[in-house]
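Given next are the chains, with one letter for each unit.
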Amino acid sequence: MSTKKTIFSQIMSLVSRYEFQKCVDRYKGDWRTRSFTCFDQFKVMSFAQFTDRSGLRDIEMTLGLCGNDLYHAGLCSVPKSTLAEANEKRNWMIYRDFAQTLIKEAKMLYRDDYFRLGLKEMVYALDSTTIRLCLELSPWAEFHHGEGAVKMHTLIDLRGSIPSYIIMTNGLVHDSKVMPMIPVEACAFYLMDKGYVFFKQLYECFHLKGAFFVTRAKDNMVYEVAEEHEVDKSAGLISDQIIRLTGKNPSVEYPEPLRMVVYEDYSTDNVYRFLTNNLTIDSLTVAELYRERWMVELFFKWVKQHLHIKKFYGTTENAVYLQLWIAVCDYLLLIIAKKKFRLPQSLHAISNAIGPLLFKQSDIHSIFNVTKDYNNNRSDNLPIQLSLW
């Protein structure tokens, strides 16, 4: 009889039961619970996310068919009514607080990782994504045009693609309202799209705190050029200017000089105007920094597609937020597993492969090394083909 742990139990072993129970006790999550504890709920919901279950009935039926594999994975079968009640009644903030614990651990693991642009400063990307809901089933999440939605505002640490800060709100909450809530570090870079260009918030939330931002200028921005620097036009740079805002309100809201770097992407012939309050870094670095902002888009794509957030297992506000935060925890567990188990694949590859492997009793490191060797051998014998990703 094999004594090796399953892949699922190896991933769950990364959960500190002490830290998890602290979060549970804080909100009395296991109060009057006889059998199906918060940790059982966390494992079942994680199993459902990793294996792409379509609903509560699917979860119940799949677990019921797994037989002895459930014991080896540390799982238990659960009636859909029990899971539905737990998702509706147990406080979603349990899993939000536990996600903060996993974020701290992930940041420690990746703190010395090399950043592509060679900057010593911390680099973060800020963005939000709207997750649609059925308004008839979730009237608390009213959005536009008869639709429901929640919004996930996320600050990504680009060393390791770690979501270091997340706020979940109703879909109607504008991105600018969240900017004052973001924890800002002095000397760090914050990358954001033009939807965050509100000069009052940029000045008060970032500039006055000694942090740097890189964003894109809006087409209707009014300004005057104070200085102009030479640029390497062969690298796609068109201009590098120190500017001052001259609009009636922006000139008051942001009284300090700004830097605008104009860059042409030769691959698409698009011209971009980047705006930053850092007046010293290389102009090409400004453009390359903004390119890194797309890491946050990859995170949202990963969460929606690979953790299957489009399929909710409940419709109440508590059930939706609970599932979202458990999905974030699962993402963080895979980030931690990638580092601790020295998995060579990308997160995208790991998340694609993990579902069918959950009940396999083998060392997770050896499994993914075999997968890597297999893919390498195939690539030696197959014609080169462009990736769809």
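Residues numbered from 1 in each chain as written. Predicted model: local features only at pLDDT ≥ 70, side-chain atom pairs only at ≥ 80, totals over all residues. Heavy atoms only, no water.

Engineer: So what's going on with the packing of helix α2 (residues 17-26) against helix α7 (residues 93-110)? Residues and values would help.
Structural biologist: What describes two packed helices is the angle between their axes and the distance between those same axes. Packing of α2 against α7 brings their axes to within 9 Å, and their N-to-C directions diverge by 150 degrees. Taken as axis vectors, α2 and α7 run roughly antiparallel relative to one another. The way α2 lies across α7 gives a crossing that is right-handed. Between α2 and α7, the residues in contact are E19, F20, C23, V24 and R26 and I94, Y95, D97, F98 and T101, respectively. Residues of the contact of α2 with α7, tallied by class, amount to 6 nonpolar, 1 polar and 3 charged. (Axes fitted to C-alpha atoms, helices over the stretch in contact; angles between N-to-C directions. Helix = DSSP H or I, 4+ residues; strand = E, 2+ residues; numbered from the N terminus. Parallel < 35°, antiparallel > 145°, perpendicular 65-115°, else oblique. Left-handed = near helix turned anticlockwise from the far one by under 90°. Contact = heavy atoms within 4.5 Å. Nonpolar A, V, L, I, M, F, W, Y, C, P; charged D, E, K, R; others polar.)

Engineer: Tell me about the layout of surface pockets, and please be specific about residues and values.
Structural biologist: Computed from the structure, the second largest pocket encloses a volume of approximately 360 Å³. Around the second largest pocket sit 16 residues that line it, and G29, W31, R32, T33 and R90 are the ones nearest its centre. Broken down by element, the residue count for the lining of the second largest pocket peaks at 4 residues, all from helix α6 (residues 80-89). Class assignment for the residues of the lining of the second largest pocket results in 5 nonpolar, 5 polar and 6 charged. (1 Å grid on protein atoms, 1.4 Å probe; cavity = no way out; pocket = protein on both sides within 12 Å on 5 of 7 lines; lining within 4 Å. Points joined across faces, edges and corners; volume = space filled by probe spheres on them.)

Engineer: Go over the environment of L63, please, and point to the residues and values.
Structural biologist: By secondary structure assignment, the location of L63 is in helix α4 (residues 56-65). By relative accessible area, L63 is classed as buried at 1%. Sequence separation between L63 and L75 is 12 residues; the distance between their C-alpha atoms is 8.4 Å. Discounting chain neighbours no more than four positions away, the residues touching L63 are V44, F47, L70, L75, C76, S77 and V78. (Buried < 20%, exposed > 50% of the residue type's maximum accessible area, 1.4 Å probe, protein only.)

Engineer: Residues and numbers for the nonpolar core, please.
Structural biologist: Ranked by internal contacts, the top residues of the largest apolar core, which has 95 residues, are F20, F42, L75, Y95, M152, L289 and L324. In this view, F20 contacts V15, C38, F39, F42, Y95 and F98; residues no more than four positions away in its chain are not counted. Formed by 27 residues, the second largest nonpolar core is a distinct cluster that contains I167, V178, Y190 and L202. (Core = buried A, V, L, I, M, F, W, Y, C linked by side-chain atoms within 4.5 Å.)

Engineer: So, unusual backbone geometry: which residues are in play, and what are the values?
Structural biologist: Not every positive phi belongs to a glycine, and K28 is a case in point at roughly 55 degrees. By secondary structure assignment, the location of K28 is in the loop between α2 and α3 (38-51). Phi is positive for S161, close to 55 degrees, though the residue is something other than glycine. The residue S161 is located in the loop between β2 (148-157) and β3 (162-170) in this model.

Engineer: Break down the sheet that holds strand β7 (residues 237-245) for me, citing the residues and quoting the values.
Structural biologist: One open sheet holds the 9 strands; their spatial order is β3-β2-β1-β4-β5-β9-β8-β7-β6, and the pairing between them is mixed. The open sheet has two edge strands, β3 and β6 (223-229), and neither has a second partner. The average angle at which neighbouring strand axes cross in this sheet is 25 degrees, direction not considered. Two strands pair when backbone bridges link them, and strand β1 (residues 123-133) and β2 are joined in this way by 10 bridges, in the antiparallel orientation. The residue bridging Y124 from the neighbouring strand is D157, located in β2. Across the sheet, helix α11 (residues 283-292) touches β1, β4 (189-191), β5 (212-216), β7, β8 (258-265) and β9 (270-276), and the angle it forms with β8 is around 75 degrees. On the sheet, helix α13 (residues 317-340) packs against β1, β2 and β3 and is oriented at approximately 170 degrees with respect to β3. (Pairing = 2+ DSSP bridges.)

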